[in-house]
Amino acid sequence: MAKMIINVEVNGERQELLTEPHRTLLDLLRDNLSLTGTKEGCGTGDCGACTVLIDGRPVNSCLVLAPEAEGRRVTTVEGLAEDNKLHPVQTAFIEEGGLQCGICTPGMLISAVALLRSNTEPSEQSIRYAISGNLCRCTGYDKIVRAIEVASKRMKANAAIASH
Amino acid sequence: MTRVVGRPTPHESARLHVTGQARYTDDLPLPPGALHGWPVTSPHAHARVVAIAVSEATTIPGVVTILTREDVPGENNSGPLRHDEPLFLGAGDVATYHGQAIAWVLGTSVEAARQGAGRVVVTYEKLDAILDPADAIRLGSVHTDPQWIRRGDVDVELVGAGEAGHAIVSGEFRMGAQDHFPLETHVSVALADEDGRMMVHSSTQHPSETQAIVAHALGLSLNDVVVQCVRMGGGFGGKETQANAWAAVAAIGAWKTGRAVKVRLDRDRHMILTGKRHPFLARYRVVVSRSGDLCGLDLELYADGGWSLDLSDAVLGRAMFHADNGYFFPVMRVRGQVLKTHKTSQTAFRGFGGPQGVAVAEEIIDCAARAIGMDPHDVRTRNLYRGSGETNTTHYGQEIGDNRLAIIWEGVQDSGEFVSRREAIRAANDLGGGMRRGIAVTPVKFGISFTTTFLNQAGALVLIYSDGSVQVNHGGTEMGQGLQVKMAQVAAEVLGVPLASIRMMPTRTDKVPNTSATAASSGSDLNGGAVRDACLTLRGRLAPVAAQLLTAHGAPAVHADDVDFGDGQVSVRSRPDQRVAFASVVRAAYLARVGLSSTGYYRTPGIWFDKASGRGKPFHYYACGAAIAEVEVDGFTGQMRVLRVDILHDVGSSLNPLVDTGQVEGGFIQGMGWVTMEEVVWGIDGRLLTHAPSTYKIPASTDVPGDWRVTLLPRAAQPGVIYGSKAVGEPPLMLGLCVREAIRDAVASFAPRGSHPERVGLALPATGEAILDAIDAVRG
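Every value quoted in this text rests on a predicted model; they were computed, and no experiment measured them. Residue indices begin from 1 for each chain and proceed along its sequence in written order. Each chain takes a letter, starting from A, and each ligand takes a number, starting from 1, following the order in which they are written. Thresholds applied to this predicted model are a pLDDT of at least 70 for local features of residues and 80 or more for the giving and counting of side-chain atom pairs; totals over whole chains, interfaces and linings are not thresholded and use all residues. Excluded from the side-chain calculations are hydrogens and water; all other atoms, namely the structure's heavy atoms, are used.

A. How the structure looks around the confidence of the model for chain B. As a per-residue measure, pLDDT tells how confident the predictor is, with possible values from 0 to 100. Scored by pLDDT, chain B has a mean of 97; 100% of the residues are at 70 or more. Two summary scores accompany this predicted model of the complex, namely pTM at 0.98 and ipTM at 0.98.

Structure (structure tokens):
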């Protein structure tokens, strides 16, 4: 099959990628860019392990064809930390034990970050809904929900400090 | 001195996980020319292979070769105990489940291999398939002879029941399968060494067995094959034996082509090809007094093993050991047998038959209680193991040794306000209406040790480098359960160094040989013992060196027994401010030509079991807990919500409370999933209908209890286990069974006003559909 060139911005870097049009954004990330943090759990958009941000919105990258990423801004788990400084959600997941085997973690973090961008004070219920498309087989979710709560409080406190 | 064990330390790879840097087998960079495998699978549950034609497949661009039976240089089998699992089928062989691999296509891409597999033409002669366990019993389709455990003579009890005024309650009970659904599917990468030997990266809970299966398939010795598992993305028992076949296929491919070969099952193939938690069928007769004392139990347990034996006999054995759950049956007879059906080969799954045994016990209690008009809760309380001697001894003759179960039973009800909540629920339900609530508490008593005694051993290899940094190897594998951080804590504690000085190494068969699977909740107990042993040996060698360094010029010599290791220092016990850095001691030891690496070894003491008599002490100790669930059931739709859960669980002196509460929570939800929503369905032709998350529902974040209170039993140090800790992997799964009993409590309230149903039949899993059926039955 003829290959095509996709122009896409991934974690702040512009990329020009050669791929077959039937391949997915998940394939582009993992195979072309070696960004293996994004995982394939089911390949059918049901488990959320492959969640990334496209133009700031969370999507299952296994359901996005590579050409659909043309001209878009993609953020993966590798792009959450800035200058080697972890995002508050990442720190909270570590400290609160919001991870075990780690496969759902990248997608879970992306969904959490997307939530906190649109809702700085989410209720427990809105956290649960925001990650309801991200399956975790290990934790029972409670520590994940706590971690997102902790992160939202810290981010709010940090924002308060910054505004003074 | 700062203790390292017992602290809520994050998972060893936590930072790698949150940054996406943690590498799993699927993430390993492949060398140029690597090939990918895709299986040609049987479209019949039972059929003879007549012929295989591969020529068309070779025309697909990117297809390199097709692996068939004739390509196996050694033994064409991956059966772990009984050699009954052919890797490839050829003409004349018989496919024994729908989805069984016949041949494997290797291609330069997954797509090429998949397209090639679609062009391999296999012709079959269809045979009759046995799918239902009842049919298997009727037709005598079995994998094993029966196992027995007996206490007293249940026949005497059954015959005398009428005269004694007791009731005999009998029934048949089925439990469904459960898919492990680790978020990481099975994956192996095989690389041929320069001399035809083999390196295999595998997502396996049992690298030593994977090594053995690969070696046998290639006709090599064990020392020719190295298996490495860095980490798994979840195991839950599903990768204890069932990772082996894919590693063997990859190795055979690498052997044939000389190229690296990766075999990764996508989610659907993972679910279609690999085994699950055993469905069970139980038949029972229980003798119960009118006041609710359990007098005798006659139980038949049938494990639906699927097409091959795998570990089914041991799974069945553990179910038989746990068919008492936490209850004293003075007279008991358990007969167990593994059935052979044309389905996936059912395998280890967290609890390993224990959950099925526990579920049977709870089913029997509920049915016995309702039959005599008692509240099941009162029958549970009345028959809990208690005291000492006979009433605190299991049906296989092991004395439980303490009364933690009774303490936990009372404790969780007190803290969980069980009595007052139950009264409130009863009052609310008495008002009628479509929404009803239910509440139940169930106990768990889970035996810790492999029931196959020789497996209870472990090895370690600890290396100290001349700068004082440490590498730790052991036989256990990391699947998310936090074994590596616990082992790092043990090593740091013994050597008295900070956690940052310890590096945990990937599990490899060339570091520690002949390891047991990381299974049976025993990873920390066994490997912790071995790591500690190795570190103690090294500390013993370093102590005299430190003593010499700590002996002041002209002062009396410090003795090696009088030094302490802690906080990265070695100090004189009586004068803690007189100390020297651990790294300086190591450097001095190196210069003094003291060996700085050591193996360690551990075997569990005092356990035995005689299968012929069904008696023994198979377990080192028991891990206990209890949980209360409160649920709400919608009488019109069958929909159920878990409103609140209270858990009190015994992990001994926790090595790591952050990890252990995570295990308790995750285990509970997995158990709840099994008994409420996870329904594995095989079609009438034996095809697995639930082979993806679109059709198979595991709990999501919105399914877990809104109000959830988890407490670890305080002051609970367990004698004779690493730092007083207890195993935690499996036992909490069975706590989840209280959700089903709470649903049953809610369902019972739909009976006509003023009446108590004599039986509340509820399927396992208690799906919305099953709940509606149960409500219809009690409404009459």
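B. Local environment of the sheet that holds strand S6 (residues 121-126) of chain B. When DSSP finds two or more bridges between two strands, those strands count as paired. For the purposes of this entry, the term helix denotes a DSSP run of H or I that reaches at least four residues, the term strand denotes a run of E that reaches at least two, and both are numbered from the N terminus. Overall, antiparallel pairing links the three strands, which are arranged S4-S2-S6 (chain B) in an open sheet. Looking along the sheet, the strands with just one partner apiece sit at the ends: strand S4 (94-95) and S6 of chain B.

C. Inspection of the domain arrangement of chain B at higher detail. All names here are of chain B. Splitting chain B by domain gives domain 1 (14-21 + 457-603), domain 2 (32-128 + 179-273), domain 3 (130-173 + 280-383) and domain 4 (407-448 + 620-780). The split into domains, and so the bounds of each, comes from an automatic or database assignment of domains. Each of domain 2 and domain 3 was reduced to a C-alpha centroid, and the two centroids are 37 Å apart. On the side of domain 3, 18 residues touch domain 2, which itself brings 23 residues to the contact. Taken together, both faces of the contact between domain 2 and domain 3 bury some 1700 Å²; the carbon and sulfur share is 59%. Buried area: the accessible area, evaluated with a 1.4 Å probe, that two parts lose upon being put together, summed over both parts. On the domain 2 side of the contact with domain 3, Arg 82, Tyr 97 and Phe 236 bury the most area, a combined 27% of that side's loss. The working definition used for a salt bridge is a side-chain nitrogen of Lys or Arg within 4 Å of a carboxyl oxygen of Asp or Glu. Linking domain 2 to domain 3 there are zero salt bridges. As used in this structure description, the phrase polar contact means that two N or O atoms lie within 3.5 Å; if the pair is within protein, one of them must be able to donate a hydrogen and the other to accept it, and residues adjacent in sequence are counted only when both atoms belong to side chains. One can count 10 residue pairs in polar contact (both at pLDDT 80 or more) joining domain 2 with domain 3. Considering only residue class, the side of domain 2 that touches domain 3 consists of nine nonpolar, eight polar and six charged. Working rule for contacts: check all heavy atoms of both residues, and any pair within 4.5 Å makes them a contact. Throughout, the ten residues Ala, Val, Leu, Ile, Met, Phe, Trp, Tyr, Cys and Pro are labelled nonpolar, Asp, Glu, Lys and Arg are labelled charged, and all others, Gly among them, are labelled polar.

D. Main features of helix H16 (residues 657-676) of chain B. Residue and element names in this part refer to chain B. Each helix should span, by expectation, one fewer than its residue count multiplied by 1.5 Å. Spanning 20 residues, H16 covers 28 Å between terminal C-alpha atoms, matching the ideal 28 Å at 1.5 Å per step. Relative accessibility under 20% of the residue-type maximum defines a buried residue, over 50% an exposed one, and the middle range a partly exposed one, all with a 1.4 Å probe and only protein chains included. Among the 20 residues that make up H16, 19 are buried, leaving the element largely enclosed by the rest of the structure. The backbone nitrogen of Leu 658 has a side-chain oxygen 3.1 Å away, supplied by the residue at the start of H16, namely Asn 656.

E. The arrangement of helix H2 (residues 110-119) of chain B in detail. All names here are of chain B. Of the residues making up H2, those classed as buried are Ala 112, Ala 113, Gly 116 and Ala 117. Along the long axis of H2, the arc covered by the buried residues comes to 135 degrees, so they all point the same way. If you follow the buried residues of H2, they end up packed against strand S1 (35-41), strand S3 (63-67) and strand S5 (101-107). As used here, the arc belongs to the directions running from the helix axis to the C-beta atoms.

F. Fine view of the sheet that holds strand S17 (residues 457-464) of chain B. Residues and elements named next belong to chain B. One open sheet holds the four strands; their spatial order is S19-S18-S17-S24, and the pairing between them is mixed. At either margin of the open sheet sits one strand with a lone partner, and together these are strand S19 (502-504) and strand S24 (597-603). Each strand of the sheet is rotated relative to its neighbour by a mean of 25 degrees, with strand direction disregarded. As paired elements, S17 and strand S18 (residues 470-474) share five bridges and run antiparallel to each other. From the neighbouring strand, Leu 461 faces S18, where its bridge partner is Asn 473. Strands S17, S18 and S24 of the sheet are contacted by helix H14 (residues 523-550), whose axis makes an angle of about 140 degrees with S24. Note on method: axes are straight lines fitted to C-alpha atoms, helices fitted across the in-contact stretch only, with angles between N-to-C directions ranging 0 to 180 degrees.

G. Representation of the interface of chain B and chain A in the model. Across the boundary between the two partners, chain B contributes 51 residues, which contact 45 residues of chain A. Buried surface at the junction of chain B and chain A, both sides included, amounts to about 3700 Å², of which 55% is carbon and sulfur. If you sort the residues of chain B by the area they bury against chain A, Val18(B), Leu183(B) and Ser701(B) come out on top, with a joint share of 20%. Inspection of the region where chain B meets chain A yields seven salt bridges.

H. Up close: the pattern of salt bridges. All names here are of chain B. Counted according to the given criterion, the structure contains 66 salt bridges over all chains. Two residues, Asp 93 and Arg 69, come together in a salt bridge whose shortest N-O distance is 2.9 Å. Of the two residues, Asp 93 sits in the loop between S3 and S4 while Arg 69 sits in the loop between S3 and S4, which places them 24 residues apart along the sequence. Assessed through its relative accessible area of 27%, Arg 69 is described here as partly exposed. Note that Asp 375 is salt-bridged to Arg 422, the shortest N-O span being 2.8 Å. With Asp 375 in the loop between helix H9 (354-371) and helix H10 (376-383) and Arg 422 in helix H12 (residues 418-430), this pair connects stretches of sequence that are 47 residues apart. Note on Asp 375: relative accessible area 23%, which makes it partly exposed. Taking relative accessible area as the criterion, Arg 422 reaches 16% and is therefore assigned buried.

I. Focus on the packing of aromatic side chains. Residues and elements named next belong to chain B. Here the aromatic set is Phe, Tyr and Trp, taking the six-membered ring for Trp, and pairing holds for ring centres within 6.5 Å; pairs whose planes are under 30 degrees apart are stacked, those over 60 apart are edge-to-face, and all others are tilted. A complete count under the given rule lists 10 aromatic pairs over all chains for this structure. Ring centres of Trp 104 and Trp 246 lie 5.9 Å apart, and the angle between their planes is 55 degrees; this geometry places the pair in the tilted category. Residue Trp 104 is found in strand S5, and its partner Trp 246 is found in helix H6 (residues 244-257); the two are separated by 142 residues along the sequence. The pair formed by Trp 104 and Trp 246 is uniform in burial state, with each residue classed as buried. Their ring planes at 75 degrees and their centres at 6.0 Å tell us that Tyr 396 and Phe 619 sit as a pair that is edge-to-face. Of the two residues, Tyr 396 is situated in the loop between H10 and helix H11 (404-415) and Phe 619 in the loop between strand S26 (615-617) and strand S27 (621-634); the sequence distance between them amounts to 223 residues. Owing to a relative accessible area of 0%, Tyr 396 belongs among the buried residues under this scheme. Accessibility expressed as a relative area gives 0% for Phe 619, which makes it buried. Put simply, the rings of Phe 321, Tyr 396, Phe 609, Phe 619 and Tyr 622 touch in pairs and so form one group of aromatic residues.

J. A look at a negative patch on the surface. All names here are of chain B. Here the term patch refers to residues with relative accessible area over 30% and no salt bridge, with like charges joined within 9 Å and nonpolar side chains (Val, Leu, Ile, Met, Phe, Trp, Tyr) within 5 Å. Only the protein chains shown count as cover for residues, and the accessible areas themselves come from Shrake-Rupley with a 1.4 Å probe. Charge assignment in this entry is limited to Lys and Arg as positive and Asp and Glu as negative, and neither His nor the chain termini are counted. Here the site of a charge means NZ on Lys, CZ on Arg, CG on Asp, or CD on Glu. There is a patch of like negative charges on the surface, built from Glu 679, Glu 769, Asp 773 and Asp 776. Take Asp 776: it is sitting in helix H18 (residues 768-779). We classify Asp 776 as partly exposed; its relative accessible area is 49%.

K. Representation of empty space enclosed by the protein within the structure. All names here are of chain B. Two kinds of site are reported from a 1 Å grid over the protein atoms alone, namely cavities, where a 1.4 Å probe fits but cannot get out, and pockets, open sets with protein on both sides within 12 Å along at least five of seven lines, and residues are called lining when an atom falls within 4 Å of a point. Grid points are joined across faces, edges and corners, and a volume is the space filled by probe spheres set on the points. Counting across every chain of the model gives 11 cavities of 30 Å³ or more. Empty space within the largest cavity amounts to approximately 230 Å³. Glu 85, Tyr 97, Ala 245, Trp 246 and Trp 307 are, among the 20 residues lining the largest cavity, the residues nearest its centre. Only S5 and H6 provide two or more residues apiece to the lining of the largest cavity. Split into classes, the residues belonging to the lining of the largest cavity amount to 11 nonpolar, seven polar and two charged. A domain split of the lining of the largest cavity shows at least three residues from each of domain 2 (32-128 + 179-273) and domain 3 (130-173 + 280-383).

L. Here's a closer look at the domain arrangement of chain A. Residue and element names in this part refer to chain A. Along its sequence, chain A is carved into domain 1 (4-79) and domain 2 (88-162). Relative to domain 2, the C-alpha centre of domain 1 lies at a distance of 22 Å. The partner domain 2 presents 12 residues to the 14 residues of domain 1 that form the contact. Carbon and sulfur atoms supply 66% of the area that domain 1 and domain 2 bury against each other, a total of about 1000 Å² over both sides. Our count for the contact surface shared by domain 1 and domain 2 stands at zero salt bridges. Our count for the contact surface shared by domain 1 and domain 2 stands at four residue pairs in polar contact (both at pLDDT 80 or more).

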